[in-house]
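Listed below are the residues making up each chain.
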Amino acid sequence: AGARAAGQEWVPVFVCSLALPGVRCPLHVFEPRYRLMLRRCLAHPSRSFGMCLPAAGPDGQVTCLDYGTMLRIEDCQFTPDGRSHVDCVGTQ
């Protein structure tokens with residue numbers, strides 16, 4: 001998933017749980033789509049991504065809320081099977 005604010009770059013979005021600015025947010029990444037997103041975020045100088053809560057769309061499809069929190073990756077440990085333990089902190 002990804003979103004773009006007017007005049008801004010695309011922001012990768014992790015649809016997962018609530019995160020707050022200034023608060024640490026440990027994550028266990030195991031889904032292939034988020035593993036790819038994590039590798040791309042780690043390759044970018046900002047090491048940032050957005051996170052928001054899931055929501056049900058009008059047709060019952062799972063979507064995400066219109067607002068969330070930006071997080072910065074501070075550390076990432078990969079396991080032999082490709083999963084990751086990621087230490088993040090909310091920035092805004």
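Placed above this text is the structure.
Model, not experiment: these values are computed from the prediction. Starting from 1, residues in each chain are numbered consecutively following that chain's sequence as written. A pLDDT threshold of at least 70 governs which residues receive local features in this predicted model, and a stricter bar of 80 or more applies before side-chain atom pairs are shown or counted, although totals over entire chains, interfaces and linings include all residues. Side-chain numbers come from the whole structure's heavy atoms, not from hydrogens or water.

### Focus: the overall build of the protein chain
Defined as follows: A run of H or I in DSSP becomes a helix once it reaches four residues, and a run of E becomes a strand once it reaches two; helices and strands are each numbered from the N terminus. Every radius of gyration here is taken over C-alpha atoms, with the globule rule written as 2.2 Å times N^0.38, N being the number of residues.
Secondary structure summary: the protein chain contains 1 helix and 8 strands in total. Going residue by residue from the N terminus, the α and β elements of the protein chain occur as β-β-β-α-β-β-β-β-β. Over its C-alpha trace the protein chain gives a radius of gyration of 13 Å, about what one expects of a compact globule, namely 12 Å for 92 residues. Judged by the C-alpha coordinates and their principal axes, the protein chain covers about 40 × 30 × 25 Å.

### A look at helix H1 (residues 32–43)
Where we set the bar: Expected span of a helix, by definition, is 1.5 Å for each gap between consecutive residues, and there is one gap fewer than residues. Burial classes follow relative accessibility: with a 1.4 Å probe on protein chains only, a residue under 20% of its type's maximum area counts as buried, one over 50% as exposed, and anything between as partly exposed. Here the arc refers to the directions that run from the helix axis out to each C-beta atom. Any two residues whose heavy atoms approach within 4.5 Å at even a single point are treated as in contact.
When the terminal C-alpha atoms of H1 are compared, their 17 Å separation across 12 residues agrees well with the 16 Å that a helix rising 1.5 Å per residue should span. Within the span of H1, buried status applies to Tyr34, Met37, Leu38 and Cys41. All buried residues of H1 project into a common sector of 100 degrees when viewed along the axis, lining one side. Residues Pro32, Arg40 and Ala43 are exposed on H1 and point more than 90 degrees away from its buried face. Tucked inside the fold, the buried residues of H1 contact strand E2 (10–15), strand E3 (24–29), strand E4 (48–52), strand E7 (69–78) and strand E8 (84–90).

### As for empty space enclosed by the protein
Rule in force here: Within this scheme a cavity is a closed region of a 1 Å grid, computed over the protein atoms alone, that accommodates a 1.4 Å probe without allowing it to escape, whereas a pocket is open but has protein on both sides within 12 Å along at least five of seven lines; lining residues each have an atom within 4 Å of a point. Grid points are joined across faces, edges and corners, and a volume is the space filled by probe spheres set on the points.
Per the counting criterion, the structure on display carries 1 cavity of 30 Å³ or more. One number sums up the size of the largest cavity: a volume of about 50 Å³. Where the lining of the largest cavity is concerned, the elements lending two or more residues are E3, H1 and E8. Top contributing element to the lining of the largest cavity by residue count: H1, with 3 residues.

### Examining a nonpolar patch on the surface
Cut-off, in case you're wondering: Here a patch means residues that are over 30% exposed by relative accessible area and free of salt bridges, tied together within 9 Å if like-charged and within 5 Å if nonpolar (Val, Leu, Ile, Met, Phe, Trp, Tyr). Note on areas: Shrake-Rupley, 1.4 Å probe, and residue coverage restricted to the protein chains presented here. A carboxyl oxygen of Asp or Glu within 4 Å of a side-chain nitrogen of Lys or Arg is what we treat as a salt bridge.
A surface patch of nonpolar side chains, about 340 Å² in accessible area, is lined by Leu18, Leu20, Val23 and Leu53. Relative accessible area serves as the criterion here: at 40%, Val23 is assigned to the partly exposed category.

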